[in-house]
Amino acid sequence: KNAAAITPGRLRAELNVGYSLLYQQAGGIPKMKWILMFKDKPAALDETTTSLMAYYQQLADSLEKVAAQNPALRLDATTMPELLVDTRKAIGTDMAKDFAPLVGDTGLKFERELLLMLYNALDEQRHLVGVMIEREPEPALQGFLAKIRTQLESRHSKLEAQLNRDYFRQGAG
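Residues numbered from 1 in each chain as written. Predicted model: local features only at pLDDT ≥ 70, side-chain atom pairs only at ≥ 80, totals over all residues. Heavy atoms only, no water.

Got a minute to help me understand the nonpolar core in this structure?
Generally speaking, a soluble globular protein has its nonpolar side chains buried in company with each other. If you look at the biggest cluster of nonpolar residues, it comprises 42 residues, and the most contacted ones within it are Y19, Y56, L59, L114 and I148. Those elements that provide at least two residues to this core are α1 (8-28), α3 (43-69), α5 (107-135) and α6 (139-166). Broken down by element, this core gets its largest block of residues, 11 residues, from α5. With sequence-adjacent residues up to four places away left out, I148 is seen in contact with L22, Y55, L59 and V129. (Core = buried A, V, L, I, M, F, W, Y, C linked by side-chain atoms within 4.5 Å. Buried < 20%, exposed > 50% of the residue type's maximum accessible area, 1.4 Å probe, protein only. Helix = DSSP H or I, 4+ residues; strand = E, 2+ residues; numbered from the N terminus. Contact = heavy atoms within 4.5 Å.)

Written out as structure tokens, the structure is:
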């Protein structure tokens, strides 16, 4: 879509969907710590997940502060149709079973799947924020989003390097 052809009210509504989606994810990912707390994992994986959980909590807090300072910015917009909401819930339920202490996956399979899930979340979020930056008309909010995108890009790159180093064999057939 051409963002310039959209009315300011419609543009803000679309951006609020993006802010709300980012906020939901940033607030939801740290809840995984309760599942991960009881899983046996290597120090490097524990460090990665602990760092990401802390980052996402900080991101959720930052989004709340920015929304409080910008009355037009909403974090409670409907982000997707119920069909997709239910689909994501079903995916989350499957993941919770896979990651569950005692009965869930363990070892390399668990570690790789966890990191891939976080990697894919970071990938979606960095692209979401990139599109939002292009459409955001408020310079202060553009700057806020640019900072988030830099943080997401950095974490995405580090996680990709860790996955390649520890969980994938280069040149394997």
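What is the right way to look at the packing of aromatic side chains in this model?
Each aromatic ring pair is summarised here by two numbers: the centre-to-centre distance and the angle between the ring planes. For the structure shown, the criterion picks out one aromatic pair. In this arrangement the basic side chain of R155 is found over the ring face of Y55, its NZ or CZ atom lying 3.9 Å from the centre. (Phe/Tyr/Trp six-rings, centres within 6.5 Å; stacked < 30°, edge-to-face > 60°. Lys NZ or Arg CZ within 6 Å of the ring centre and 35° of its normal.)

Help me understand the environment of L159 in this model?
Looking at where L159 falls in the secondary structure, it is placed in helix α6. Along the sequence, L159 and L122 sit 37 residues apart, while their C-alpha atoms lie 9.2 Å from each other. If sequence neighbours within four positions are ignored, L159 has contacts with T48, L52, L115, L118, Y119 and L122.

Would you explain the pattern of salt bridges in this entry?
Side chains bearing opposite charge may pair, as long as their charged atoms lie close to each other. Scanning all chains against the criterion turns up eight salt bridges. Of the charged contacts, one joins R12 and E136 as a salt bridge, the two residues approaching to 2.5 Å between their closest N and O atoms. With R12 in helix α1 and E136 in the loop between α5 and α6, this pair connects stretches of sequence that are 124 residues apart. Its relative accessible area of 14% is what places R12 among the buried residues. Note that R165 and D166 form a salt bridge whose closest N and O atoms lie 3.0 Å from each other. On the basis of relative accessible area, D166 is assigned to the partly exposed category, the value being 35%. (Salt bridge = Lys/Arg side-chain N within 4 Å of Asp/Glu carboxyl O.)

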